[in-house]
Amino acid sequence: MSKNLADTAATAATATGAGTSVILTCPDQLRWVHDAQWIWIVDPRTGTTHCLDGIEAAVWGWMMLGYSYPRLVALLGPLLNLERLEAQQHLNTLLQTWISAGLLERKA
């Protein structure tokens, strides 16, 4: 089981304003594992679990590999048949959803 998400630099326009660089990390208490078809994320303190599949699992996996925000956008575009700006919006929404769910947090 993997413990933490590798720090990932992101220029998530929806997170902190256009062009601002932020670091997103997985909170220390979370544990995650990549199963055959899904990624399971567990908070052992609360027993809360999240299951990622499809595009979400792909993005999480790429983040685990330390892919940069521009590279994530570049991979998402062709995968979802989206233009760059649409892929960026899709990624920003996904990252914001994970931040809201407590799966990612902004590192100071």
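Presented here is a report on the structure given in the accompanying data block. Note that the structure is a prediction, hence the values are computed from the model and not measured.

**Concerning unusual backbone geometry**
Alright, step 1. Located in the positive-phi region is N81, a residue other than glycine, with phi close to 60°.
Alright, step 2. The residue N81 is located in the loop between α3 (69–80) and α4 (84–100) in this model.
Alright, step 3. We classify N81 as exposed; its relative accessible area is 71%.

**Topic: the nonpolar core**
Side chains of nonpolar character tend, in soluble globular proteins, to be buried together.
Alright, step 1. In this structure, W60 and W98 are the most contacted members of the largest nonpolar core, which totals 27 residues.
Alright, step 2. Mapped by element, the contributors of at least two residues to this core are β2 (22–25), β4 (39–43), α2 (54–64), α3 and α4.

**Topic: the pairing of β4**
Strand residues, when the strand is regular, have side chains that alternate between the two faces of the sheet.
Alright, step 1. By the alternation rule, side chains of β4 split into I39, I41 and D43, which are all buried, and W40 and V42, of which none is buried.
Alright, step 2. Relative to β4, strand β3 (residues 31–34) is paired through 4 bridges, and the arrangement is antiparallel. Residue H34 lies in a different strand from β4, and its bridge partner there is I39.
Alright, step 3. As consecutive antiparallel partners, β3 and β4 are separated by 4 residues.

Conventions adopted
- Residues numbered from 1 in each chain as written.
- Predicted model: local features only at pLDDT ≥ 70, side-chain atom pairs only at ≥ 80, totals over all residues.
- Heavy atoms only, no water.
- Helix = DSSP H or I, 4+ residues; strand = E, 2+ residues; numbered from the N terminus.
- Buried < 20%, exposed > 50% of the residue type's maximum accessible area, 1.4 Å probe, protein only.
- Core = buried A, V, L, I, M, F, W, Y, C linked by side-chain atoms within 4.5 Å.
- Pairing = 2+ DSSP bridges.

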